[in-house]
Amino acid sequence: MNYLTKSKENFKNKICLVRVDLNIEKGQEKDSLRLNVIKPTVDFLTKRGAKILLLSHRGRPIKKDRKQSLGLLARYLNLHQFKKQPIKFISHFDFKKIKKRLKAAPLKSVFLMENLRFFPEEQINSRSFAKKLADLGDYYVNDAFAVSHRANASIAAIASFIKSFAGLQLEKEIKNLNGLLKKAEKPVILILGGGKPTDKIGFLKAFFLKADYFLLGGGIANTFLAAQKLPIGNSLRDHNKKTLAFINRINRRKIIQPVDYVINNKQILDIGPKTIDLYSRYIKIGRTIVWNGPLGLIETARFAKGTKAITEKISQHKAFSIVGGGETADFIIKLKMDKKIGFLSTGGGAMLEYLSGKPMPGLEALNKSH
Ligand code: 3PG
């Protein structure tokens, strides 16, 4: 991997396109890990006299959608992380004008381009769109580990047109996750929750032999309960028949599922107190803990108790812990317990795919880049 920290390039007066992940829910800016990790790469480059154009997506729009604009995030960053070095937001997509503005800008200037997913070409990894982006700069830096599992133009195709590097956060993510893969001490406990049960089932399949116990919450727990014909009302779950067949086929000795729940409007929205006790006992015996996805609907305080209690248990325990997923990581930062966790990953799906050993388009593109 071409790490930026190891590069011998002269970045003075060069335009660096830095892909970051600003996929943050509105109102979640304050404790956002993703916003907090942008600065080191920006500082690294501006100290060397580069000019920067930050690139990102937000949400899954397929055309221009003001609600998903990055403009407000630029304003937020300027009030906090970028107070001394304000980011200039570019709201249009006139590539010629953007190039001219970047060229004329003083050294160390930082710009942010509008949400790239306003172009449908971004999500289909269009080579012509990637080339248009690449033509804006001299170098490309991928610092968006959290979206590197997507074959998107600004993540994958772009790296074939321009000299490319892995940014500081991406390097940190890879090194920490590699460390975990190399020497995960047993018992390994995996905690899986959140609202995307299909992703989590895929990970559970890939990790089934490597982990000792899986503690389930959120959509994946509901999917297991439903497969056993236990009542889950209208709760979120994976309806795929293959998933149900998989659940019924496996030896469930390793699967630890909720024994009580917090229910509202016929939906399971959190784990209950007996489950917190049960999961705490497993956490106590774990030497390695990997957690992805909250155990309840943490946006609402009364459904966040399970996730909070499990965070406290992990923070009191000496096992090595890695927690991933924007939402879970931000929740831990909000609780001010982030220093007690071994490593917080910006990646949700990306962290799971990396640990599963799946090839990731963004990382493959960096490896192939000249
Ligand atoms: C994420 O939030 O996991 C990344 O930003 C990727 O977003 P996506 O799932 O919409 O591609």
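Structure shown above.
Our subject in this report is the structure included herewith. (Residues numbered from 1 in each chain as written. Predicted model: local features only at pLDDT ≥ 70, side-chain atom pairs only at ≥ 80, totals over all residues. Heavy atoms only, no water.)

A separate point is the overall build of the protein. Counting its secondary structure elements, the protein contains 15 helices and 14 strands. A burial count over the protein gives 57% of its 370 residues as buried. Across the protein, every contact between residues at least 6 apart in sequence was considered, and the portion connecting residues at least 24 apart equals 74%. By element, 52% of the accessible surface of the protein is carried by carbon and sulfur atoms, the whole surface being about 17,200 Å². (Helix = DSSP H or I, 4+ residues; strand = E, 2+ residues; numbered from the N terminus. Buried < 20%, exposed > 50% of the residue type's maximum accessible area, 1.4 Å probe, protein only. Contact = heavy atoms within 4.5 Å. Areas by Shrake-Rupley, 256 points an atom, 1.4 Å probe, with all protein chains shown as cover.)

The subject of this paragraph is the site of the ligand. Neighbouring the ligand are the residues Asp21, Asn23, Arg34, His57, Arg60, Arg117, Ala146, Val147, Arg150 and Lys196. At 3.0 Å from an oxygen atom of the ligand is found a side-chain nitrogen or oxygen belonging to Asn23. In the model, an oxygen atom of the ligand is placed 3.0 Å from a nitrogen or oxygen of the Arg34 side chain. Coverage of the ligand by the protein chains reaches 91% of its 310 Å² of free accessible surface. Its residues placed into classes, the shell around the ligand shows 2 nonpolar, 2 polar and 6 charged. (Near = heavy atom within 4 Å. Polar contact = N/O pair within 3.5 Å; in protein donor to acceptor, adjacent residues only side chain to side chain. Nonpolar A, V, L, I, M, F, W, Y, C, P; charged D, E, K, R; others polar.)

Take empty space enclosed by the protein next. Per the counting criterion, the structure on display carries 1 cavity of 30 Å³ or more. Its volume calculated, the largest cavity comes out at about 70 Å³. Residues that form the lining of the largest cavity fall into these classes: 6 nonpolar, 2 polar and 3 charged. (1 Å grid on protein atoms, 1.4 Å probe; cavity = no way out; pocket = protein on both sides within 12 Å on 5 of 7 lines; lining within 4 Å. Points joined across faces, edges and corners; volume = space filled by probe spheres on them.)

Enumeration over the complete set of coordinates arrives at 13 salt bridges. Across the pair Glu9 and Lys163 runs a salt bridge whose closest N-O atoms are separated by 3.2 Å. Placement of the pair is Glu9 in the segment before β1 (15-19) and Lys163 in strand β6 (residues 163-166), with a sequence separation of 154 residues. Overall, the relative accessible area of 27% leaves Glu9 in the partly exposed class. Here Arg287 and Glu185 are joined by a salt bridge, their closest N and O atoms 3.1 Å apart. (Salt bridge = Lys/Arg side-chain N within 4 Å of Asp/Glu carboxyl O.)

Now for helix α10 (residues 241-249). Those residues of α10 that fall on the buried side of the exposure criterion are Thr243, Phe246 and Ile247. All buried residues of α10 fall inside an arc of 95° around its axis, so they share one side. The exposed set on the far side of α10, more than 90 degrees from its buried face, consists of Lys241, Lys242 and Arg249. Buried residues in α10 make contact with α8 (197-207) and α9 (218-227). (Arc of directions from axis to C-beta.)

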